[in-house]
Every structure is written in structure tokens, then in C-alpha cells.
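Below, each chain spelled out in residue letters.
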Amino acid sequence: MFTTKRVPFAIVFPFAWRAVLLFFVYSTLICSLYTFADCTFLAIPFVPVATIGTAVAFYVGFKNNSSYDRLWEARRIWGSLTNASRSWGIMVLDYVQGADADDPLPRLAHRDMIYRHLAYLTAIRVQLRQKPVWDLHHDPAHEVIERIKEFKQCSLDKELSRFLSNDEVEAIIKHPNPATYLLRQQSAQLRDLRDRGYLSDFYHVDLERMLVEFYNQQGACERIKSFPFPRQYAFFSYLFTWLFILVLPYGLLSEMAKFSGWHIWLTVPFFTVIAWIFNTMEIVGDTSENPFENSINDIPMTAICRNIEIDLRDMLGETELPKRVQAVNNILM
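Residues numbered from 1 in each chain as written. Predicted model: local features only at pLDDT ≥ 70, side-chain atom pairs only at ≥ 80, totals over all residues. Heavy atoms only, no water.

## Here we look at the pattern of salt bridges
And then number 1: Scanning all chains against the criterion turns up 15 salt bridges.
And then number 2: In this structure, Lys63 engages Glu282 in a salt bridge whose closest nitrogen and oxygen atoms are separated by 2.8 Å. Placement of Lys63 in helix 2 (residues 46-95) and of Glu282 in helix 10 (residues 267-286) is noted, with a sequence separation of 219 residues between them. Accessibility assignment for this pair places Lys63 and Glu282 in one class, buried.
And then number 3: The partner of Lys225 in a salt bridge is Glu293, and the shortest N-O contact between them spans 2.8 Å. Taken together, the residues Lys225 in helix 8 (residues 201-226) and Glu293 in the loop between helix 10 and helix 11 (301-315) connect sequence positions 68 residues apart.
And then number 4: Taking the relative accessible area as the measure of exposure, Lys225 reaches 15% and is therefore buried. (Salt bridge = Lys/Arg side-chain N within 4 Å of Asp/Glu carboxyl O. Helix = DSSP H or I, 4+ residues; strand = E, 2+ residues; numbered from the N terminus. Buried < 20%, exposed > 50% of the residue type's maximum accessible area, 1.4 Å probe, protein only.)

What follows is the structure, encoded as C-alpha cells:
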């Protein structure tokens, strides 16, 4: 996620330079054929071209709105996970109590369940980012992240080892869905605490409801991840955009020819700018449609997980807390 008001040129350039160069060369070639080879038949009426452009603009706008909805829904899910995690922390601390104030087990249970919850959030984050929806090659949105060493993805077992013992980590990573298994472990510990009298039946039900809420939010994330933006919308948006770009200079020729000979060459800058705008609108939708791709427009799950970790460990009374995740090159992950 970008943290600045304006996207830096260093980010825009990898997306733009190839397309701008192509548009410039393409329009220059057409103008040269029209001027020097006397290919006046290349000029076509602008009205049908403008009609195509209007239709494409509506279609791309629809696609971008739909892509933004997916991005915003993902951010809302992680906002809900943040709120539910804080609620989980205070409920564990207040609900799990022993009859004897000197009994160490409740304090150990507090730490175990809160740290296991932090491991659960970490597992969701790593699972969502481990496998991209599409195997893309030379994608600028991913290449920008790959060039920043601070964003290098660690293995799940290394990430989980910050919160759990090595034996527990080894047992967890054997499961196909480690995050789901961690919630099952939470439920088992709650049942054990209830059976041993450290948790009342009412409080036990309340905490189990929180686990169900975590399952719901995890499922919502997995739904977005496993069901990418429908190809029938994305592909034809790409196809229509490039169809309009390809025919646009021929329509501009007829308009520029109405003035004088040298106005023909104004087709090059005007076409380059218009084509770049339409192509950029298409790219914006593409880079926003899947928000868990370890890409520059990702939901900042790493930063969110760190904020939750700081809050929950502070609830435990710890003083040596990790620092909040900072943006690198104006990108927050």
C-alpha cells in the first residue's frame, strides 16, 4: 500500500515506459505513412472511434469499481480481525481466572492463547501471500516488491517460531491449513480450562463465539484469494482498451488534417497521452483486483499484524514490544 499522496515516479516508470514508447513509435509510423507515402486512406472519421472510446471508458470504469470493491472488502476484513483480536485479548485475560491468586496456570494460559492467536494471524498472512493467483512473469507490480529486501517473504515455520515452540511449529506446518489448525488448538485449550474450573460455561461459550468469528473472517479472506476477479470482465476490458488504442490514431489523423499539413504530427503527442491514460486505467484495475498478492497494492497485512501484536503483548504487561512496521520506499506491507 502506498503511504504518500502521490505515487512516486520511480513506481510509475516501470509500468509506463514500455507502453509510452510503443504508443510514440506506433503513432509516428502512421503519421509518416500518411505524410511521406501519401497513404491518405489511413484517416478515418473520428465519430466511430469516439463512440468506441466512450464505451471502453464505461467498461473500464466498471472493472475498476469492481476491483476497488474487492480491495476495500479485504481491508474491512482485516479491520474486523484487528477489532476481534483486541476483544479476544481482554476476554482471555478477564475470563480465565483461578480460585487462588497465586496459581500460575491462568497466567500461562493467557500467554499461550494470546501468542497462539498472534501465530494464527501470522499463518493467515503467510498463507494468503505464499501462492499468487496468477503466475505472472515480468510483472512490475511484483518486481517492485521483490527488489526491496525488507519485503522478502520468510517461510511459515520461521514466522511462527516467534510465537510458538519448535515442537508446536513442526506439528502445525504438517497440516494443509495451519491457521485452521491453530484455532482448533485454541478451542481444545478452552475446553481443558473449562473442565479444570478455570473458565465458566458462560465464558467458554463467549470465547468459542470469538473463534467462530475468526473462522468467518479467515474464510472471507480465502474467498477473495481463491476466487480471483472473473476473467470475462478482466480480459475483455484489456481487449477493448487495446482495440481502442489501435484505432485511435487513424481517427486523430482525420481531425488534424482539417487544419494544415504540419498539424498531422500533433497526432503523435495527443495519441500518446490519450493511449497512456486508457492503458493506465486498465493497469490500475489489474493491480487492485487481487489484494493478497504480495504486490504494491496489497493490503498492509504485515503492518496490521504487528499493530495487533503490540496491542496484545501490551495487554499481557510486556514492556519490550516490537516496533511498528514502517513504510519502505513509501510502500507499507
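Once the structure has been displayed, the description carries forward.
## What about the nonpolar core?
Soluble globular proteins: nonpolar side chains tend toward being buried together.
And then number 1: Trp78, Trp88, Phe214 and Phe292 are the most contacted members of the largest nonpolar core, which has 52 residues in total.
And then number 2: At the level of secondary structure, the elements contributing two or more residues to this core comprise helix 2, helix 3 (105-130), helix 5 (156-160), helix 6 (166-172), helix 7 (178-195), helix 8 and helix 11.
And then number 3: Looking at this core element by element, the count peaks at 13 residues for helix 3.
And then number 4: In contact with Phe214, not counting residues within four places along its chain, are Leu81, Ala84, Ser85, Trp88, His117, Tyr120 and Leu183.
And then number 5: Judged by nonpolar contacts, the second largest core, of 22 residues, contains Val49, Val56, Ile264 and Phe271. (Core = buried A, V, L, I, M, F, W, Y, C linked by side-chain atoms within 4.5 Å. Contact = heavy atoms within 4.5 Å.)

## Details of the packing of helix 3 against helix 7
And then number 1: At a minimum axis separation of 8 Å, helix 3 and helix 7 run at an interaxial angle of 165 degrees. Judged by the inter-axis angle, helix 3 sits roughly antiparallel to helix 7. The interaxial crossing formed by helix 3 with helix 7 has left-handed handedness. Counting all contacts with helix 3, which are made through Leu105, Ala109, Asp112, Met113, Arg116, His117, Ala119, Tyr120, Ala123, Ile124 and Gln127, the residues of helix 7 involved are Pro178, Ala179, Leu182, Leu183, Gln185, Gln186, Gln189, Leu190 and Leu193. (Axes fitted to C-alpha atoms, helices over the stretch in contact; angles between N-to-C directions. Parallel < 35°, antiparallel > 145°, perpendicular 65-115°, else oblique. Left-handed = near helix turned anticlockwise from the far one by under 90°.)

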